[in-house]
Amino acid sequence: MQKKLFNEIGLALLRIVPSVMMITHGILKFQKLIAGNIKFQDPIGIGEAPSLFLAVIGELVCPILIILGFKTRWAALPAAITMGVAAFITHGSDPIATKELALLYLTFFVVIMFVGPGKYSFDRK
């Protein structure tokens, strides 16, 4: 019984802590977006504004859903894709030290897609 409780607490921490840290990046991008300052990198060639909008989705909206545990596996997918683009395209030629944060976030979100949100979430089963 105690092992199950620790597993559920571990899943909640795995969801919440990286998502809260990711939101700190997403808020800055959201502020740029609402201020109309769309100067942003265009790593996949869709334009600055759409790239900024998708980054806000992946770094702000989806982490909020992940924290709540609502549609968690689906919300982790755009967050993981955003971090994959950051690590392998935006910072693709940079040294590992520059892209390690994006790789860590990518790993967290992929693990969340695999294991799900756990008991302490809106998605609980």
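See the structure above.
To start, this report covers the structure provided alongside it. Note that the structure is predicted; figures quoted are calculated from it, not measured.

Criteria and thresholds
Residues numbered from 1 in each chain as written. Predicted model: local features only at pLDDT ≥ 70, side-chain atom pairs only at ≥ 80, totals over all residues. Heavy atoms only, no water. Salt bridge = Lys/Arg side-chain N within 4 Å of Asp/Glu carboxyl O. Helix = DSSP H or I, 4+ residues; strand = E, 2+ residues; numbered from the N terminus. Patch = residues over 30% accessible without salt bridge, like charges linked within 9 Å, V, L, I, M, F, W, Y side chains within 5 Å. Areas by Shrake-Rupley, 256 points an atom, 1.4 Å probe, with all protein chains shown as cover. Buried < 20%, exposed > 50% of the residue type's maximum accessible area, 1.4 Å probe, protein only. Polar contact = N/O pair within 3.5 Å; in protein donor to acceptor, adjacent residues only side chain to side chain.

### Remarks on the pattern of salt bridges
The tally for this structure, following the rule as stated, stands at 2 salt bridges. The salt bridge partner of Glu8 is Lys4, with a shortest N-O separation of 3.2 Å. Here Glu8 and its partner Lys4 are both found in helix α1 (residues 2–35), 4 residues apart, which amounts to about one turn of the helix. For the salt bridge of Lys29 with Glu59, the shortest nitrogen-to-oxygen distance reads 2.9 Å.

### Looking at a nonpolar patch on the surface
A cluster of nonpolar residues, Leu5, Phe6, Ile9, Leu13, Ile16, Val17, Val20, Met21 and Tyr120, forms a patch on the protein surface that exposes about 760 Å² of accessible area. Examined against the element boundaries, Ile16 turns out to sit in helix α1. What makes Ile16 partly exposed here is its relative accessible area of 31%.

### Focus on the side chain of Thr82
Examined against the element boundaries, Thr82 turns out to sit in helix α3 (residues 72–90). On the basis of relative accessibility, which here comes to 15%, the residue Thr82 falls in the buried class. Polar side-chain contacts of Thr82 include one of 2.8 Å to the backbone oxygen of Pro78.

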